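Understanding the architecture of this molecule
The residues making up each chain are set out below.
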Amino acid sequence: MTVLGEERPAWREVGGRVVERAAGGTALARLETLARTSADPIGWRFRQPAAALFWWGSGVHELRIAVDGRPFHDVVTATSSLCYIPPDTEVTGTFAVDGLCRYTVLFLDPDLAADHDLPAPRRVLVGFDRPPIVRALRELAQEAADPDETFALFVDGVARQSLAHLVRLTRDAAPEPPGAGLPAGTVARLDAHVRRNLRDPVTVGGLAAVAGFSPRHFLRSFRRSTGLTPMRWVLDLRLREAEHRLAGTSDPIGVIAAGCGFSHPQHLSTAFRRARGISPSEYRAAL
């Protein structure tokens, strides 16, 4: 697979420090698994002639990027851990990490789609979920740690399966509504406002007032900017803050729940288990 060509200039500049890397595949599909460390958000400048399917495995919790100039702000969760960048599409921005992050990239040459008389999907997908893709990439990342002579076959199979899902996702997606999303500065202002008032009730009307939009315009623009509803976004902020307090303090879970805006400890426990797969107590015990 050609990564850099004279007619299609490509860039791949990523900050942080690579501490682990494995790669392999075929002429039409290539897998890379990486681990990076950074105390700060990792800068990202990316453009490749191949389509790129990212799975943010662990440690990445937020993307603030522009894709061909269009802003995206995505809170990465277990149900929004995939990102698809079409061929020859420029990405700039940052992804915030928890010191150490692990992620997987599957590069799909456009010829892979052409082999089946299909165009490579051209729609950007940021912060989406497709459980079969996640399962396949997780298994493939494990195979990459100790590959044998069959590894390329596995890569090829997962690439074709993922491409089929991507074609369906981009084909069946409803047309995007007209208009722009929220300016990056407005999203940052909302982020700061919620963090300052994390323990207080939050309403869509209140967030719309902070942003300076009508509730109807705010809902549409917010979803375009983040890929989430406002209340789901607030819940993710609260869960991330709860994670930090569970890891960094000895406060009782009830105190953490109240401080992060959850109505009672069981509210935090239920939301935490749904998003992270374990309870707050189990998360703290595993540290």
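What counts and how
- Residues numbered from 1 in each chain as written.
- Predicted model: local features only at pLDDT ≥ 70, side-chain atom pairs only at ≥ 80, totals over all residues.
- Heavy atoms only, no water.
- Helix = DSSP H or I, 4+ residues; strand = E, 2+ residues; numbered from the N terminus.
- Rg over C-alpha atoms; globule rule 2.2 N^0.38 Å.
- Buried < 20%, exposed > 50% of the residue type's maximum accessible area, 1.4 Å probe, protein only.
- Areas by Shrake-Rupley, 256 points an atom, 1.4 Å probe, with all protein chains shown as cover.
- Lys, Arg positive; Asp, Glu negative; His and termini not counted.
- Charge placed at Lys NZ, Arg CZ, Asp CG, Glu CD.
- Phe/Tyr/Trp six-rings, centres within 6.5 Å; stacked < 30°, edge-to-face > 60°.
- Lys NZ or Arg CZ within 6 Å of the ring centre and 35° of its normal.
- Pairing = 2+ DSSP bridges.
- Axes fitted to C-alpha atoms, helices over the stretch in contact; angles between N-to-C directions.
- Parallel < 35°, antiparallel > 145°, perpendicular 65-115°, else oblique.
- Left-handed = near helix turned anticlockwise from the far one by under 90°.
- Contact = heavy atoms within 4.5 Å.
- Nonpolar A, V, L, I, M, F, W, Y, C, P; charged D, E, K, R; others polar.
- pLDDT = per-residue confidence, 0-100.
- Core = buried A, V, L, I, M, F, W, Y, C linked by side-chain atoms within 4.5 Å.
- Salt bridge = Lys/Arg side-chain N within 4 Å of Asp/Glu carboxyl O.

Considering the overall build of the chain
- The number of helices and strands found in the chain is 10 helices and 9 strands.
- Taking 2.2 N^0.38 as the reference for a compact globule, 287 residues should give roughly 19 Å; the C-alpha atoms of the chain span a radius of gyration of 20 Å, in line with that estimate.
- Summarising its shape, the C-alpha atoms of the chain cover approximately 55 × 45 × 30 Å along the three principal directions.
- Burial statistics for the chain: of 287 residues in total, 45% are counted as buried.
- Carbon together with sulfur atoms contributes 53% to the accessible area of the chain, which is approximately 13800 Å² in total.
- For the chain, the separation between the mean place of its 35 positive charges and that of its 32 negative charges on side chains is 9 Å.

A word on the packing of aromatic side chains
- This model, assessed by the stated rule, comprises 13 aromatic pairs.
- The rings of Trp44, Phe46, Phe54, Trp56, Phe95, Tyr103 and Phe107 are connected pair by pair, giving a single aromatic cluster.
- A cation sits over an aromatic face here: Arg276 above Phe272, 6.0 Å from the ring centre.

Focus on unusual backbone geometry
- Look at Asp88: it is not a glycine, yet its phi comes out positive at around 55°.
- Inspection of the secondary structure puts Asp88 in the loop between β7 (82-85) and β8 (91-108).

Quick look at the pairing of strand β2 (residues 17-25)
- Sheet analysis places β2 next to strand β3 (residues 29-38), joined by 8 bridges and oriented antiparallel. Of the residues in β3, the one forming a bridge with Gly25 is Arg30.
- Connecting the antiparallel pair β2 and β3 is a turn made up of 3 residues.

Focus on the packing of helix α4 (residues 184-196) against helix α5 (residues 204-211)
- At a minimum axis distance of 9 Å, the contact between α4 and α5 shows a crossing angle of 130°. With respect to each other, α4 and α5 are oriented oblique. Viewed along their axes, α4 and α5 form a crossing whose handedness is right-handed. For the pair α4 and α5, the contacting residues are Thr186, Arg189, Leu190, His193 and Val194 in the first and Leu207, Val210 and Ala211 in the second.
- Residues belonging to the contact of α4 with α5 are distributed by class as follows: 5 nonpolar, 2 polar and 1 charged.

Overview of the confidence of the model for the chain
- Looking at the chain as a whole, its pLDDT mean stands at 87, while 94% of the residues score no less than 70.
- Scored below 50 in pLDDT, residues 1-8 shows 12 contacts in the model against residues more than four places distant or in partner chains.
- Taken as a whole, residues 174-178 scores under 50 in pLDDT and shows 7 contacts with residues more than four places along the chain or in a different chain.

Points about the environment of Ala145
- With respect to the helices and strands, the residue Ala145 is situated in the loop between α2 (131-144) and α3 (151-172).
- Given the relative accessible area of 66%, Ala145 is considered exposed.
- Linking Ala145 and Ala22, residues 123 residues apart in sequence, is a C-alpha distance of 6.6 Å.

Points about the packing of α4 against helix α7 (residues 230-248)
- Contact geometry of α4 with α7 gives a least axis separation of 11 Å together with a crossing angle of 55°. Relative to α7, the element α4 is oriented oblique. Once α4 is placed against α7, the crossing between them reads as right-handed. Side by side, α4 and α7 meet where Val187, Leu190, Asp191, Val194 and Arg195 of the first sit next to Trp233, Val234, Leu237 and Arg240 of the second.
- By residue class, the composition of the contact of α4 with α7 is 6 nonpolar, no polar and 3 charged.

As for the nonpolar core
- Of all hydrophobic cores here, the largest spans 30 residues; its most connected members are Leu31, Leu53, Leu106, Phe128 and Leu137.
- The set of elements that each furnish at least two residues to this core consists of β3, β5 (51-67), β7, β8, α1 (110-114), β9 (125-128), α2 and α3.
- The element contributing the most residues to this core is α3, with 8 residues.
- Not counting residues within four places of it along the chain, the set of residues in contact with Leu53 comprises Cys83, Tyr84, Thr104, Val105, Leu106, Phe128, Ile133, Leu137, Ser162 and Leu166.
- Leu182, Val187, Ala211 and Trp233 belong to the second largest nonpolar core, which has 28 residues in total.

Describing the pattern of salt bridges
- On inspection of all chains with the given rule, the structure shows 14 salt bridges.
- When the shortest N-O distance is used, the salt bridge between Glu243 and Arg276 registers 2.6 Å. Residue Glu243 is located in helix α7, and its partner Arg276 is located in helix α9 (residues 265-276); the two are separated by 33 residues in the primary sequence.
- Glu243 sits in the buried class, given a relative accessible area of 14%.
- Arg276 sits in the partly exposed class, given a relative accessible area of 26%.
- Across the salt bridge formed by Glu282 and Arg273, the nearest N and O atoms sit 3.6 Å from each other.
- Several salt bridges share partner residues, and in doing so they unite Glu62, Arg64, Asp191, Arg195 and Arg240 into one network.

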